[in-house]
Each structure stands twice: as C-alpha cells, then as structure tokens.
Amino acid sequence: MTRPSTMTMWRKTVDGRTAALYLLPSIILFSVFVFYPMFRTIYLSFFLTDQTGNAAIMVGFENFVYLLGSSEFQNSMKATGLFVLYTVPITIVLALFFALLANEKLKGIGFFRTMYSSTMGISVAASSVIWLFMFNPSIGMFNRLLGVLSLPQIQWLLDPEWALLSVSISTIWMNIGFSFLILLGGLQNIDEHLYESSRIDGAGYFYRLRRITLPMLSPTLFFIITISLINAFQTFGQIDILTKGGPSQSTNLIVYSIYREAFINYQFGTASAQAVILFLIILIVTILQFKLGERKVHYQ
Amino acid sequence: MKMGLPQKIWIYFLLIVTSAFVFFPVLYAFMISFMTGPEIIQGKFFPESLSFENYSKVFSRLPLLNYLLNSFIVSVSVMLGQLVVCSLAAYAFVFLKFKGRDFIFFLFISTMMIPWEATMIPNVFTIRKLDWFNTYQGLTLPFFALAFGTFLLRQHFLTIPKELHEASQIAGLSRFRFFWRVVLPVSKTSLVTLGAYGFLTTWNMYLWPLLITTNKSVRTVQIGLKQLQSQEIATEWGVVMAGVIVVIIPTLLLLFIGQKQLQKGLSQGALK
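Just so it is clear, the structure is predicted and the values come from calculations on it, not from any experiment.

1. Examining the overall build of chain A
- Along chain A, the regular secondary structure elements total 13 helices and two strands.
- The C-alpha radius of gyration of chain A comes to 25 Å, more than 25% above the 19 Å expected for a compact globule of 300 residues.
- Dimensions along the principal axes, computed over C-alpha positions, put chain A at roughly 85 × 60 × 35 Å.
- For chain A, buried positions account for 43% of its 300 residues.

2. Comments concerning the overall build of chain B
- Counting its regular elements, chain B contains 14 helices and zero strands.
- Counting helices and strands in the order they occur from the N terminus, chain B gives α-α-α-α-α-α-α-α-α-α-α-α-α-α.
- Whereas a compact globule of 272 residues would reach a radius of gyration of roughly 19 Å, chain B reaches 23 Å, over 25% beyond that.
- The C-alpha extent of chain B, read off along each of the three principal axes, is 75 × 65 × 30 Å.

3. A look at the interface of chain A and chain B
- Contacts between the two partners involve 76 residues from chain A and, on the opposite side, 72 residues from chain B.
- Examining the composition of the side of chain A that touches chain B, we find that 17 residues originate from one element, helix α2 (residues 14-44) of chain A, more than from any other.
- Looking at side-chain class alone, the side of chain A that touches chain B contains 51 nonpolar, 19 polar and six charged residues.

4. Focus: the confidence of the model for chain A
- On average, chain A scores 88 in pLDDT, and the residues at 70 or more come to 92%.
- The spread of mean pLDDT over the elements of chain A runs between helix α1 (residues 2-12) of chain A, the lowest at 61, and helix α4 (residues 71-102) of chain A, the highest at 96.

5. Quick look at the confidence of the model for chain B
- When pLDDT is averaged across chain B, the result is 89; 96% of the residues are at 70 or more.
- The ipTM assigned to the predicted complex is 0.89, against a pTM of 0.89.

6. A look at the environment of A:Leu101
- Along the polypeptide, A:Leu101 turns up in helix α4.
- Put simply, A:Leu101 and A:Ile230 are 129 residues apart on the chain and 27 Å apart in space, counted from C-alpha to C-alpha.

7. Side note on the packing of helix α8 (residues 163-188) of chain A against helix α10 (residues 205-233) of chain A
Residue and element names in this part refer to chain A.
- It is the contact of α8 with α10, at a shortest axis distance of 9 Å, that shows an interaxial angle of 160°. By the angle between their directions, the pair α8 and α10 is classed as roughly antiparallel. Where α8 crosses over α10, the handedness of that crossing is right-handed. Every residue of α10 that contacts α8 at Asn-175, Ser-179, Ile-182, Leu-183, Gly-186 and Leu-187 is listed here: Leu-217, Thr-220, Phe-223, Ile-224, Ser-228 and Asn-231.
- Looking at side-chain class alone, the contact of α8 with α10 contains six nonpolar, six polar and no charged residues.

8. Notes on the environment of A:Leu164
Residues and elements named next belong to chain A.
- Along the polypeptide, Leu-164 turns up in helix α8.
- With 22 C-beta atoms counted inside 10 Å, the residue Leu-164 sits in the buried group.
- The sequence separation of Leu-164 and Ile-239 amounts to 75 residues, and the corresponding C-alpha distance is 9.4 Å.
- Once you skip the residues sitting within four places of it in the chain, Leu-164 turns out to touch Ala-79, Leu-82, Phe-83, Ser-250 and Thr-251.

9. Section: the nonpolar core
- Membership of the largest hydrophobic core comes to 152 residues, with the highest contact counts inside it found for A:Val129 and B:Val244.
- No other element matches helix α4 (residues 64-95) of chain B, which puts 15 residues into this core.
- Taken domain by domain, this core gets at least three of its residues from each of domain 1 (2-44) and domain 2 (69-296) of chain A.
- Excluding residues within four positions of it along the chain, A:Val129 makes contact with A:Ile241, B:Leu225, B:Gln229, B:Val240 and B:Val244.

10. As for the pairing of strand β2 (residues 55-58) of chain A
Residues and elements named next belong to chain A.
- In this structure, strand β1 (residues 47-49) lies alongside β2, joined through three bridges in antiparallel fashion. Paired with Thr-49 across the strands is Ala-55, a residue of β2.
- In textbook terms, the turn of a hairpin is the stretch between consecutive antiparallel strands, and for β1 and β2 this stretch comprises five residues, one of which, Gly-53, has a positive phi near 90°.

11. As for unusual backbone geometry
- A cis amide bond links A:Gly246 to the next residue, A:Pro247, at an omega of -15°.
- Following the sequence through the fold, A:Pro247 ends up in the loop between α11 (237-242) and α12 (254-263).
- Phi is positive for A:Ser150, close to 45°, though the residue is something other than glycine.
- Within the secondary structure layout, A:Ser150 lies in the loop between α7 (141-148) and α8.
- The phi dihedral of B:Asn134 is positive, around 55°, even though this residue is not glycine.

12. Section: the environment of B:Ser49
All names here are of chain B.
- By the secondary structure assignment, Ser-49 is in the loop between α2 (37-42) and α3 (53-61).
- Ser-49 gets classed as exposed once you count the C-beta atoms within 10 Å, which come to 9.
- Sequence separation between Ser-49 and Thr-36 is 13 residues, and the spatial gap between their C-alpha atoms is 9.5 Å.

Conventions and cut-offs
- Residues numbered from 1 in each chain as written.
- Chains lettered and ligands numbered in written order.
- Predicted model: local features only at pLDDT ≥ 70, side-chain atom pairs only at ≥ 80, totals over all residues.
- Helix = DSSP H or I, 4+ residues; strand = E, 2+ residues; numbered from the N terminus.
- Rg over C-alpha atoms; globule rule 2.2 N^0.38 Å.
- Buried ≥ 20, exposed ≤ 12 C-beta atoms within 10 Å, placed from the backbone.
- Contact = placed C-beta atoms within 7 Å.
- Nonpolar A, V, L, I, M, F, W, Y, C, P; charged D, E, K, R; others polar.
- pLDDT = per-residue confidence, 0-100.
- Axes fitted to C-alpha atoms, helices over the stretch in contact; angles between N-to-C directions.
- Parallel < 35°, antiparallel > 145°, perpendicular 65-115°, else oblique.
- Left-handed = near helix turned anticlockwise from the far one by under 90°.
- Core = buried A, V, L, I, M, F, W, Y, C linked by C-beta atoms within 7 Å.
- Domains from an automatic or database assignment.
- Pairing = 2+ DSSP bridges.

This is the structure we're talking about:
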C-alpha cells in the first residue's frame, strides 16, 4: 500500500525537484550578490563602521539625520535631480524623433539606423574621453566654434555654472543609441493596417502621429522612460572621468557621492545610508511609474 | 507607405543632418587619432597624413593588448554564464509546475528594483572575503544571474507549445534532453539577442572593474582608458584617441552586425 503512494508522491514532485535544480544557480547568485548585500547595506546604514567596513557602533537613524542636514548631501541630491531633469526628457524626445525618421521605408534607411544606434556600442569611458576633449577650454571643438562665432569662451567642465549642463549634454548623447533602438523596435511592432484605414480618410501625418502612432507606442515609451529615469540616477562613469564631482561639488551625483564616501573616505555607515536613499528613490520611481502606467498606457 | 518627392527629400535631409550630428563625435575622435600634436592644436579636422604612430604609441605605453584580452575573457564569460543561468531559470518558469512558482517569480522581479550601486559596498566586502580581488571570477560571477535575461528568454519559451513538452515526456525524453534538444534550438534568436546584450554591457562596464582590480593582471580596457586619460591628458590627445578607437571597435562592430536583431529582441523582451 505504502509503496505505490510514495512512488506517486515522488513522481508528482519530480517537477518541483527539477525546478529547484534549474533555478538553483539564479537563486544562489541573487541571494549572495543582490539580496544579502541589500539587507547588509540597510544594516550598515544604522552603524558607524571601522576601516574595514565592520559595524562598530550602533547609531540608529543618526546617519540619515546627519545626511539630511549636511549641505554636501543636499547639494548632491539637488545635482542628481537637476541631472535627471536635464537628461531624461531631452534624450527621449530626440530618440523618438530619430526613431520616427528612421521608421520611414526609404532606400538606405539601414545605414541611418546604424548611425543613430551607434552610441549604444560606445562605452561610457570612451564617450567621456571623447567629450572631455571636445569640452577642452583651449583646444576643444566647442570653444573653437564659439571663437568662430566671436562669442565669449566657456569653461565647460571647470565652471560650476556650466559643469552639470556639460555632463548632461554628453550623457544625452551616450543614451540616445539605446533609447532609439528600443523606440524603433516599438514603432515597427505597430500594425500597418491601422495606418491604411486612416489614410483612406485623408488623415495628415501629424494627425496619424497623435491618434495612432503615439498611443500605440505608449507601452514602449513607458518602458523607456522608466529605464532612463533609473539609469540617470545610477550615473557614475562620466562623472569620474569628466569632473570627479567638481567643480565645487556641482556634479557630485548620488552614486559618485556613495563611491567617494565609501571607497575614498572609508565612511561605510553614511555611504550605506546614501545607498539606502538611492534604493528608496528608485523604488518610488518604479512604483509611481507602474501606478501611472496602468492608467495612462494604451496596451494593444 | 507612398510619399511625394518633396516629402522624401525633406526626410532625407533631416536623416542626413541629424545622423551626422549623432555620429560626429566618433568621427572626430577617429580623425584626431591620426593627428600629431601641432595638428591638434591648430584645430584641424582632417589629418595631414594617415600615420599610425599614435596607435603604436598607445600599445607601447599601456598594456593595452593585455587589457583587451582581459575584457574579452570577462565579456565572453559573462555572456555564456548569463545564457546558461537565465535559460535554465526560464525553462523552469515555463515548463515546470511547482509550489511557490509565483513567489520565486516575484523575487526575480524584485531584483530589478534593486540598483546595483546600492549593493556595491557589501559586494566589495564579499569579494574581499572570498579573496577574489584581481580575479576573473570576481569580475564575472556576480553578473551571471539576470532577471531581465530570464524574462526575455521566458517570453520566447512561452511560444513553444506545451503539447510538445508533454509528447516528449511520453516518448521518454528526459527534461534536460528536451531543454537541450528542443527548447534551446528553437529559441536561437532570443539567445543571440541576450548574448549580444550581455557581451556589450559587460565590455562597457566601468564601476565594478574599477572597484575590484588593483593591478593590471585582470584589469579591463575601460579602466585602461581612465589610466591613459589621466597619464597623457595634457600632452598627447592623439594617443588617447587612438586608445579610444581601439576600445570601441569591437562593440561598434558587434552593434553594426547585430543592430536589427538587438532592436527586435530587446523591444520584445521589454514589452510582453
């Protein structure tokens, strides 16, 4: 009696055991490199740490209180917010414009698609070095151009008024390739028949854009806006190469600030508190996007 | 789509002007990489002669070949690791019924909301404890599991008829054989997309190699660029740009070849 029933039990759970085996690599890696360090970061944010990063003195919310009161951190948050505001909308509008152009069925369109997407293949480090040269006050292209137009020279990366804007310009360029590629993919998924029926009615280009293309593209737009926002909060490489957070901390974006606090100043407690704030910001952005997205987005 | 000639000319005009703008910085860097110091200071756009002197200089001043090889090893390892780990997980989510599937799926989704930068401090400590500083496993292993990759493959696996799975079990094919012989071959396009994506993002990774490489043994080209830039900056921009061109050629080539595939695959994975 018992043997057949245990046999069926064994057989019934074979899917479960196989699944455990197939999921094990992912689960182990996520546990070690995502979940554990996330909890550890939260834990460390309540402590003062020693040089090697061990929790030394429990201070409760002291790190957070300190951060919220420190002008340095307030400044970093302000710079991060401005940076997001400067980069995300312009990148998406430009990428959408390019994607609409590149979605036309014309001879040689493949070449233009490759040009637009090219910046996705160029690393942040390489792009930053190229832009560092173009921003160079004496031999860079931008100041030469201003010179030709007999306009006053600008100390792009050295002037606290201009540095964040300069970094933003280069970042927009770096991110255009990826956004373009995603938006073009979204445009190509739109059913051709929708346009055909509207053309019979004699609808113009912009009418079609507003009434068919953009609504049908809204899931893709929604996706790329979320990804771009998250990416903007995670910016690091261009800051490290172009400005190192300066001048007078005007480009000290949050990830750079975490990096400096942890690996240059060895203040792992306050660095962790900043990391927790970064995590919360991204969590809120994601949740907001989903809440808004549910209502606004038109799914096919 | 039919359009008139004036409209066509107008669109071609916009295409040419805007794409030239987008591609200009790369072209500019390419031109600079052939120039001598005085030419750069004069502000020329075209080099006087096609001299590869800057390229030979950059290879002699920096262990660039060594860095390129390191980047290649790291990128290929992450690419293969992601393909294996993600396809196994995606198979389990699509073809196997088990308790807690929804919960585990939710766990996978939640990893996408945790920014890598928020966890980097304890991760560096973990790598130190494992004594994995300046090792390939330290550079690659943390990136093998990828929720995005799992979802991308899951979308493709969902299009495979469930009946095929049942039939193969009745025919006595083991689950792994089915996975290996049926699921993977029909999902080639998604696997290629994920592979290209993994290679590209790993090749371009900056912060992690910066944190856990302290010498040239496994250091990648991106960190090499930072080094080059801070050494040479004032004097020889031509050499620096030669380094930039060498570093971007592999990924640009990959993008040019796989642009179509990547665009289709990524937008599909993003949406459904």
